[in-house]
Amino acid sequence: MAETSFDDVLKLVGTHGRWQWIVFVLTSFSGFFVAFHNMGSAFLASTPEHWCDVQEFHTLRDNHNWSESDIKYAFLPHRHLDGGKIQYSSCEVYVPNISALTKAEWDQPKMTANKTHNSGHDQLVLRKCSSWTYNSSEIISTVITEWDLVCGRKALGSTVQSSFMSGVLLGCLVFGWISDKFGRRKAVLVALVQFMVGSMAVAWSTHYVMFLVLRFISAIGDAGIFSVAFVIITEISGRSSRALLGLQYMVPFSVGFMVLPGIAYYIRDWFWLQLAISIPQLLLIGYFWFLPESPRWLVTQGRLHEAARILKAGANCNGRTLPVDEDLLVMLQLAQKQSKNDNEKIRNSGNFLQLVRTPVIRRRSIVVGISWFVAGLVYYGLSFSAPNLGTSVYQIGRASCRERV
């Protein structure tokens, strides 16, 4: 019999039929939930407006009916901006001496402010904040407000997304190896359990380090599901349809990203938001029953009877008829031999230097690298830049959705 590759067998099953579409919908559906967590930091770790909170302020607020704006204007360093806006210091406060205030100054906050700010800076005592009041008009709570990750601890807040993406990087490497060693399906199922348990446990974090560690663990599973599931659908599809499937595979991820700002808009407490974006992924438990193993991987492992059974089910779904079992197994044996030869060629000739060896490939590698860098910079930079742009995190979320589309 002539040389037979797995793609030749796949042509008999159908390369872009109903079976492929069912598996495609099943695998790409995970992207909807993965997007929630990939971009969730924009809302979970958003930094609301904040200012120093000292005990004397509570006395003014409770006993003398001062408003928050009165207290801020009287005791926080500030400067006037164009348009009548006032920018207050978030990390310093003038030490208030409530006992030295006259009754008139108690009753007239503006008089107190004038006395405070016109007394000469050499007579004023500034101190760093030790606790803060947060503006809850837009966001009730985030991990920033939960553990006061502002001012001197501001750098810690920036590790929320970087630690998550580090987990994604590790997850791609770890689950790539697991899927090659133990199978695509097993890799996805292990990643799914890790993703679900880790992401829901995040909500009960009692310390910032605990929060980071659990997010890191869930990110590893996040990457494992999304990347290995993509491998499954490409390995059961024909070459001509893989590029199209690769583009369409990202559609549920984009939809999830578009839905996330709406969820965060109505759920503004980080604990409940974390649960709201984690609980729906329980729907992916269906993978345990419906997600098939990659028959291509089974053939490379010599598990031909299992591969034949899956291919026959796929052919039935596509309305195709495969050869009898004996002939099909012979074809799969030839495909296994061809696969081994191809892998041997890759091991002997393929390495990183192949990307820069010829001028054409070198130019393409550079263009692709720059394109991914710029796309990631704009995509994630816009999503997490709301405080620097002076606008609402929800507006930035909507803008990022438009950019994603």
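Residues numbered from 1 in each chain as written. Predicted model: local features only at pLDDT ≥ 70, side-chain atom pairs only at ≥ 80, totals over all residues. Heavy atoms only, no water.

## A word on the pattern of salt bridges
Under the definition given, this model contains eight salt bridges. Arg 239 is paired through a salt bridge with Asp 7; the nearest N and O atoms lie 3.0 Å apart. A residue pair is termed long-range when its members are at least 10 positions apart, and Arg 239 in helix H14 (residues 239-248) and Asp 7 in helix H1 (residues 6-13) qualify at 232 residues. Residue classification places Asp 7 among the buried positions, given a relative accessible area of 12%. Taken together, the shared-partner salt bridges connect Asp 7, Arg 239, Arg 242 and Arg 296 into one network. (Salt bridge = Lys/Arg side-chain N within 4 Å of Asp/Glu carboxyl O. Helix = DSSP H or I, 4+ residues; strand = E, 2+ residues; numbered from the N terminus. Buried < 20%, exposed > 50% of the residue type's maximum accessible area, 1.4 Å probe, protein only.)

## Digging into the packing of aromatic side chains
Across all of its chains, the model carries 17 aromatic pairs by this definition. Each ring, one from Trp 147 and one from Trp 270, has its centre 5.8 Å from the other, and the planes form 50°; the classification is tilted. One end of the pair, Trp 147, is in the loop between helix H9 (143-146) and helix H10 (154-157); the other, Trp 270, is in helix H16 (residues 270-278), with 123 residues separating them in the sequence. The class for Trp 270 is buried, based on a relative accessible area of 4%. (Phe/Tyr/Trp six-rings, centres within 6.5 Å; stacked < 30°, edge-to-face > 60°.)

## Re the confidence of the model for the protein
The predicted model of the protein has a mean per-residue pLDDT of 83, with 81% of residues at 70 or higher. Helix H12 (residues 184-202) holds the highest mean pLDDT among the elements of the protein, 96, whereas helix H8 (residues 109-117) holds the lowest, 54. A low-confidence stretch, residues 119-123 (pLDDT under 50), is modelled with two contacts involving residues beyond four sequence positions or located in other chains. (pLDDT = per-residue confidence, 0-100. Contact = heavy atoms within 4.5 Å.)

## Structural notes on helix H11 (residues 159-182)
Its 24 residues give H11 an end-to-end C-alpha distance of 33 Å, which sits within 8% of 34 Å, the value for a rise of 1.5 Å per residue. All buried positions along H11 are accounted for by Val 160, Gln 161, Ser 163, Phe 164, Gly 167, Val 168, Gly 171, Phe 175, Ile 178 and Ser 179. Taken from the residues just after H11, Gly 183 is the one with a positive phi, measuring 115°. (Expected span 1.5 Å × (residues − 1).)

## A short note on the state of the cysteines
On inspection of all chains with the given rule, the structure shows two disulfides. For Cys 52, the disulfide goes to Cys 129, at an S-S distance of 1.4 Å. What sets the handedness of the Cys 52 and Cys 129 disulfide is the S-S torsion sign, and at about -55° it is left-handed. In this pair, Cys 52 sits in strand E1 (residues 50-52) while Cys 129 sits in the loop between strand E5 (126-128) and strand E6 (132-134), placing the two residues 77 residues apart along the sequence. Relative accessible area serves as the criterion here: at 1%, Cys 52 is assigned to the buried category. Judged by relative accessible area, Cys 129 falls into the buried class, the value being 13%. Between the sulfur atoms of Cys 91 and its disulfide partner Cys 151 the distance amounts to 2.0 Å. Of note, the bridge from Cys 91 to Cys 151 carries an S-S torsion of about -95° and is left-handed in sense. Note that Cys 91 is positioned in the loop between strand E3 (86-88) and strand E4 (92-94) and Cys 151 in the loop between H9 and H10, a separation of 60 residues in sequence. Here Cys 91 falls in the partly exposed class, since its relative accessible area comes to 27%. (Disulfide = S-S within 2.5 Å.)

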